[in-house]
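# Structural overview for review
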Amino acid sequence: MGLALLAIIWLITFVSTYFFVAQTWWLPHGASTSTPWIDHQFALTYVLMGIVFVAAQGALGLFVWQYRDRGSASKVTYSHGNTRMEVVWTALTAILFIGLNLMGSPIWASERFAPADADSVPVEVTGMQFAWYFRYPGPDGKFGRTDPKLMDPSAGNEAALGLDTTDPAAKDDVVTGTMYLPVNRQVNLTLRAVDVIHSFFVPQMRFKQDAVPGLAIHMHFTPTEVGDYEIACAELCGLGHYKMHGMLKVVSQEDFDKWLVTKEAEKQ
Amino acid sequence: MATLSSPVSIDVAKTGQGGGGVRPPAYGGGGDGRGDGSPDYGARLRRLRLGLAIGLTSVTMIFVSLTSAYVVRRGLPTLDERTNTYVRDWIPVDLPITLLLVNTTLLLVSSIAAELARRQITRQAALAPIRSIPGVSLGEGKGFPWLGTTVVLGGGFLVGQWIAWRELADRGFYVATSASSSFVYLLTATHAVHLAGGILVLLYASAVSLLHTPVEARRVVVDVTAWYWHFMFLLWLYIFGLLWFVR
Amino acid sequence: MATSATIHSHAAPLGFIRKYIFSLDHKVIGLQYYFLALVAVFVGMFLSLLMRVHMVWPTAVLPLVGEIKPETYLQLMTMHGTIMVFFVLTTAPQGGFGNYFLPIQIGAPDMAFPVLNMLSFWTTFIAFVVILAAFFVTGGAPLHGWTGYAPLSALSNSGPGEQLGADLWITSIAIFCIASLMGALNFITTTLDLRAKGMTMMRLPLTVWAWFVTAILGLLAFGVLLSAGILLLLDRNLGTSFYVPLVVVNGQIMGHKGGSPLLWQHLFWFFGHPEVYIAILPGMGVASQLLSTFSRKPIFGYKAMVYAIMAIGFLGFMVWGHHMFMSGMSPYTAFAFSLMTMAIGVPSAIKTFNWLGTIHGGRVRFQTPMLYAIGFVSLFVSGGLSGPFLAQPVLDIPLHDTAFVVGHFHLIMGVAAIFGMFAATYYWFPKMFGRMMNETWGRVHFVITLIGTYCIFMPMHYLGMAGQPRRYSQFTELAYLQHLMPLNRFMTYAAIVTISAQLIFVLNLFWSMFKGPKATDNPWEATTLEWITATPPPHDNFGGHTPVVNHGPYEYGVPGAPRDYVMQTDPATVASH
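A brief structural summary. (Residues numbered from 1 in each chain as written. Chains lettered and ligands numbered in written order. Predicted model: local features only at pLDDT ≥ 70, side-chain atom pairs only at ≥ 80, totals over all residues.)

This part is about the overall build of chain B. Across its full length, chain B carries five helices and two strands. Secondary structure elements in chain B, listed N-terminal to C-terminal, are α-β-β-α-α-α-α. Within chain B, counting contacts between residues at least 6 apart in sequence, those at least 24 apart form 73% of the total. (Helix = DSSP H or I, 4+ residues; strand = E, 2+ residues; numbered from the N terminus. Contact = placed C-beta atoms within 7 Å.)

Okay, here's the thing in structure tokens:
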């Protein structure tokens with residue numbers, strides 16, 4: 001039975017590790033400035049944890065076979081432990097875990113502690129059961145007033161957000177169901193939710209943030225490649241959670257300006 | 001195979017079976033001097049007090065979490081959709097202070113009564129072996145009904161709380177009027193529920209006295225309940241203080 | 001130290017009702033908890049089977065159940081999580097085995113408060129009935145997940161099942177909180193006050209330490225969940241706004257304002273994180289016990305194991321924010337929580353090293369309980385090592401709310417903890433029922449379950465890295481998920497096989513109760529106090545005698561001793577440390 005256990009444990013370890021190393025199913029291609037940092041920290045973590053994984057499972061499999069009861073041939077080493085070893089491996093574990101965490105902290109700090117750049121593109125992202133809406137402030141650079149009393153989700157876009165068109169700042173606000181962003185420019189997001197908690201998740205931007213009713217959460221990221229990127233909702237929000245998706249289109253600055261102008265024109 | 005230890009022997013003279021015989025009080029050991037087989041009330045009291053202390057820890061955690069929610073909510077600004085800014089919307093509740101002070105006094109006196117009840121029955125339990133000596137009388141009457149007094153005063157507190165809630169409602173503060181009013185009702189109601197539980201146990205302790213349960217057994221119940229009662233009083237002081245000073 | 005005379009001695013009860021239904025005997029109550037958990041786990045597994053089938057074949061019409069709509073999937077998922085976490089993982093390891101064996105292992109005739117013990121079981125039972133009732137009311141069970149985030153759980157019109165079903169869910173949990181608090185009180189008082197002569201704290205078996213610390217966690221955590229639930233009931237039914245700000249559901253302005261959804265998360269996770277340690281610590285205690293017994297060697301580093309249990313318990317109250325990195329919580333607070341979370345990995349690692357150290361240099365016997373203990377270690381390593389990914393906020397960005405998290409907690413709670421229960425069952429079955437379970441079928445069950453659960457839950461890590469969100473009823477809407485469907489289907493097939501294989505365990509369990517070979521008093525040649533009692537133990541456990549303890553719990557392979565094990569009650573003159 002000892003040999004069978006060794007075989008099973010080692011096989012499971014081998015197969016699991018294989019798919020990690022081969023990256024058969026892996027993080028999607030990242031296209032943001034945070035991608036290299038996050039992916040590097042991810043790689044560091046999984047290599048170190050992978051080594052521990054293989055070592056621990058390997059030792060477990062080995063020991064249960066090596067120290068199987070072989071009758072009179074086996075002798076037990078009576079011992080209550082080894083304090084020095086305890087201290088050593090406790091210290092090493094602490095250094096490993098805490099060190100790993102501290103290495104990732106500067107990335108977290110740069111993502112979340114600092115506010116958006118002054119020349120970032122402001123976009124308000126609003127989640128509601130079960131759609132995402134994106135609002136651009138228009139030439140005046142100001143988001144107009146919204147009023148819950150004016151909200152009508154069935155009418156979509158401006159009406160879904162309850163845009164108060166009597167407010168002059170709201171007149172040039174563009175609301176769409178598809179998010180457009182210019183490449184290589186930081187976006188200054190304001191995340192809101194109308195009914196329950198949603199979460200704005202763009203895997204290829206390595207970006208996720210919950211949108212919470214009652215809060216306007218400010219976040220930023222910078223896309224680095226032109227392309228179409230799917231947006232998924234990442235916080236259970238009701239029966240339509242699985243189909244609350246959107247699309248982020250990252251285009252050149254020119255195309256973005258053109259698109260915005262077109263949208264403004266449509267409002268007339 | 002396994003070697004079992006022999007039963008621990010208790011060094012007490014056995015002067016006969018059944019109740020009513022002449023026996024000296026116990027020395028040391030775990031027994032109460034009446035010989036093997038009868039319950040060790042000292043150990044039972046200790047165990048129940050320990051259980052109470054542990055149980056009160058969980059009650060404390062309930063109020064710690066409610067306090068945390070209260071304090072955080074009080075300081076939390078909320079997003080005003082229209083102006084897109086955060087505003088504080090905490091409205092201090094107009095508490096009926098006089099009423100609450102009256103209730104506090106009622107509860108204080110009831111706590112004193114509970115303590116007197118506890119000491120009274122402790123004395124009665126200590127003297128029980130002597131009373132069982134035929135021909136001995138200690139000349140005490142039934143004693144002042146401190147236990148009943150506690151129950152009445154505790155009930156009075158609950159009635160007073162009810163009146164305070166009515167007064168709050170008259171002042172326009174209902175459960176859902178504001179976050180602050182919600183907490184006032186929530187904190188005081190949670191306390192009241194726990195106090196009512198204490199009253200039920202006290203009623204049980206009073207009732208069993210009519211059923212001729214041994215006074216030592218009743219003493220254990222009254223002792224532990226009295227401590228619970230004191231905790232309920234201190235808890236009330238805390239809640240009142242929180243609602244007043246952290247308005 | 002208490003003698004048996006100091007317990008409120010209740011004579012052995014007569015009559016079926018007093019003996020089996022409202023028994024005050026901790027052994028009967030332990031079995032009641034165990035069988036409640038057994039029913040619950042099969043309900044929970046059935047729900048997860050339906051879930052896995054729907055995820056890969058969303059339009060399938062299933063026999064008996066019919067078509068599963070997206071909301072139905074979420075209702076199954078909510079009930080699956082709630083039933084498994086509360087009525088299986090918080091019930092069987094602690095209420096089941098803890099109740100049965102804690103008093104015996106410390107040398108006591110019963111729990112400190114037998115009446116309270118009986119009440120705590122029946123309160124748990126009522127809670128179970130209430131939660132099952134949620135399936136049958138109008139609207140059905142709630143769909144807000146076992147974590148019940150507000151405002152989804154606080155608004156009756158946020159989805160199907162969020163009316164009466166949600167109220168029943170909260171009520172059931174509140175009742176369960178009260179039952180758990182009663183149980184915790186009993187366990188702690190018993191461990192502190194009823195130990196036999198010579199049973200010092202540092203001679204307690206690690207199972208007792210685990211039950212003891214678990215009870216402390218429960219004592220401090222369940223009150224907070226109770227508060228959270230009461231606030232949620234008030235928001236739902238009395239129009240308060242603890243958790244709900246101004247919200248508009250489908251164009252309708254709801255009457256709340258100013259509340260904080262994050263308040264629910266803080267309160268829930270302040271309970272929720274200790275809860276997961278409540279789920280795993282007893283299993284760790286059992287693993288330590290069995291690895292030592294079946295390696296014929298003392299546990300490596302007993303003191304370190306005790307301190308590790310305490311450290312896990314203590315730190316367990318300081319890490320709850322790691323469930324909230326993406327919630328809108330302050331990023332500075334997130335950093336603090338992440339450091340504490342990495343710290344809690346250290347005592348867990350110590351335990352793992354010590355388990356390996358216990359086997360090393362031993363004489364390993366491969367009876368079924370040991371197989372599960374070994375499996376526990378493997379699964380704990382696998383599930384535990386995905387923790388450091390999630391503990392780093394910056395890596396939590398891609399991984400939060402994906403299948404990665406689901407794989408992480410299932411490997412630990414859904415498999416390792418369950419293996420702890422399998423191990424405990426096979427180990428203590430002879431003592432409880434006087435017969436042995438079948439070894440061959442035990443091995444078959446072990447191998448299929450170990451491989452099967454790895455096949456179900458290890459791939460979840462890959463899916464999570466690829467960005468597959470959790471709590472999705474189907475993956476048909478997102479293009480980037482389509483290439484993951486073959487792997488999802490593989491997992492569903494593995495689930496069908498593995499869940500079916502659990503019938504082997506149940507059949508073995510019930511068949512062996514009546515037809516298994518008769519067991520001796522100490523079939524495993526173990527040292528702790530339950531193995532000196534008669535089989536099954538009499539009503540007061542030790543037949544009127546009070547054990548006197550002279551040795552620690554893991555004196556195996558002592559040089560100079562007459563046998564390769566020294567029981568805790570053997571005379572002090574037998575050589576040991």
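With that out of the way, let us pick up the overall build of chain C. Each helix and strand counted, chain C has 17 helices and four strands in total. At 24 Å, chain C has a C-alpha radius of gyration in line with the 25 Å of a compact globule built from 577 residues. Expressed as lengths along the three principal axes of its C-alpha atoms, the size of chain C is roughly 80 × 50 × 50 Å. The buried share among the 577 residues of chain C stands at 68%. A separation threshold of at least 6 residues defines the contact pool for chain C, and within that pool the share at least 24 residues apart is 81%. (Rg over C-alpha atoms; globule rule 2.2 N^0.38 Å. Buried ≥ 20, exposed ≤ 12 C-beta atoms within 10 Å, placed from the backbone.)

To continue, consider the interface of chain A and chain B. By convention, interface size is frequently given as the accessible area that disappears when the constituent parts associate. The partner chain B presents five residues to the eight residues of chain A that form the contact. In the side of chain A that touches chain B, the residues fall into four nonpolar, two polar and two charged. (Nonpolar A, V, L, I, M, F, W, Y, C, P; charged D, E, K, R; others polar.)

Another point: the pairing of strand β1 (residues 77-80) of chain B. Residue and element names in this part refer to chain B. Taken together, the four bridges between β1 and strand β2 (residues 85-88) define a ladder with antiparallel strand orientation. Residue pairing for β2: D80 is matched across the bridge by T85. Adjacent in sequence and paired antiparallel, β1 and β2 are bridged by four residues, among which N84 carries a positive phi angle near 60 degrees. (Pairing = 2+ DSSP bridges.)

It is worth spelling out the sheet that holds strand β10 (residues 246-251) of chain A at this point. All names here are of chain A. Strand order in the open sheet formed by five strands is β4-β10-β9-β6-β7, with mixed pairing between adjacent strands. Looking along the sheet, the strands with just one partner apiece sit at the ends: β4 (179-182) and β7 (207-211). Pairs of neighbouring strands in the sheet enclose a mean axial angle of 25 degrees, with direction left out of account. Pairing geometry for β4 and β10, over four bridges, is parallel. Counterpart to Y180 in the pairing with β10 is K249. With respect to the sheet, helix α5 (residues 253-266) is in contact with β4 and β10, its orientation differing from that of β4 by roughly 140 degrees. (Axes fitted to C-alpha atoms, helices over the stretch in contact; angles between N-to-C directions.)

Let us now look at the interface of chain C and chain A. Across the contact, 98 residues belong to chain C and 87 residues belong to chain A. Of the residues contributing to the side of chain C that touches chain A, the split by class is 63 nonpolar, 27 polar and eight charged.

Sheet strands associate in pairs through backbone hydrogen bonding, adopting either a parallel or an antiparallel arrangement. Residues and elements named next belong to chain A. Pairing is mixed across the open sheet formed by five strands, whose spatial order is β3-β2-β1-β5-β8. Both outer strands of the open sheet, β3 (174-176) and β8 (217-221), are each paired with one neighbouring strand and no more. Sheet twist, expressed as the mean angle between neighbouring strand axes with direction ignored, is 25 degrees. As paired strands, strand β1 (residues 121-128) and strand β2 (residues 131-136) are joined by five bridges and run antiparallel to one another. Bridged to V125 within β2 is F134.

Glancing now at helix α3 (residues 70-89) of chain C. Residue and element names in this part refer to chain C. An ideal rise of 1.5 Å per residue puts 28 Å on 20 residues; α3 measures up with 27 Å between its terminal C-alpha atoms. In α3, a bend of some 25 degrees at I83 exceeds every other bend along the element. The element α3 is extensively covered by neighbouring structure, given that 19 of its 20 residues are classed as buried. (Expected span 1.5 Å × (residues − 1). Bend = angle between axes of the 7 residues up to and from the residue.)

What follows concerns helix α17 (residues 485-515) of chain C. Residues and elements named next belong to chain C. Taking 1.5 Å per residue as the helical rise, α17 with its 31 residues ought to reach 45 Å, and the 45 Å between its terminal C-alpha atoms agrees with that figure. Burial in α17 covers these residues: L487, M491, A494, A495, T498, F505, N508 and S512. Lining the buried residues of α17 we find α2 (26-56), α14 (403-433), α15 (439-457) and α16 (459-465).

Now for the pairing of β7 of chain A. When a strand is regular, its side chains alternate between the sheet's two faces. All names here are of chain A. Counting buried positions along β7 yields five of five residues, so the element is predominantly enclosed. As paired strands, strand β6 (residues 198-202) and β7 are joined by five bridges and run antiparallel to one another. Paired with S199 across the strands is D210, a residue of β7. Counted between consecutive antiparallel strands, the loop separating β6 from β7 contains four residues, among which R206 sits at a positive phi close to 50 degrees.

Turning to the nonpolar core, a few remarks are in order. Across soluble globular proteins, you tend to see nonpolar side chains buried next to one another. Counting residues in each nonpolar core, the largest one holds 325 residues, and the members touching the most others are L225, F376, A416 and A423 of chain C. The element contributing the most residues to this core is helix α7 (residues 206-237) of chain C, with 22 residues. (Core = buried A, V, L, I, M, F, W, Y, C linked by C-beta atoms within 7 Å.)

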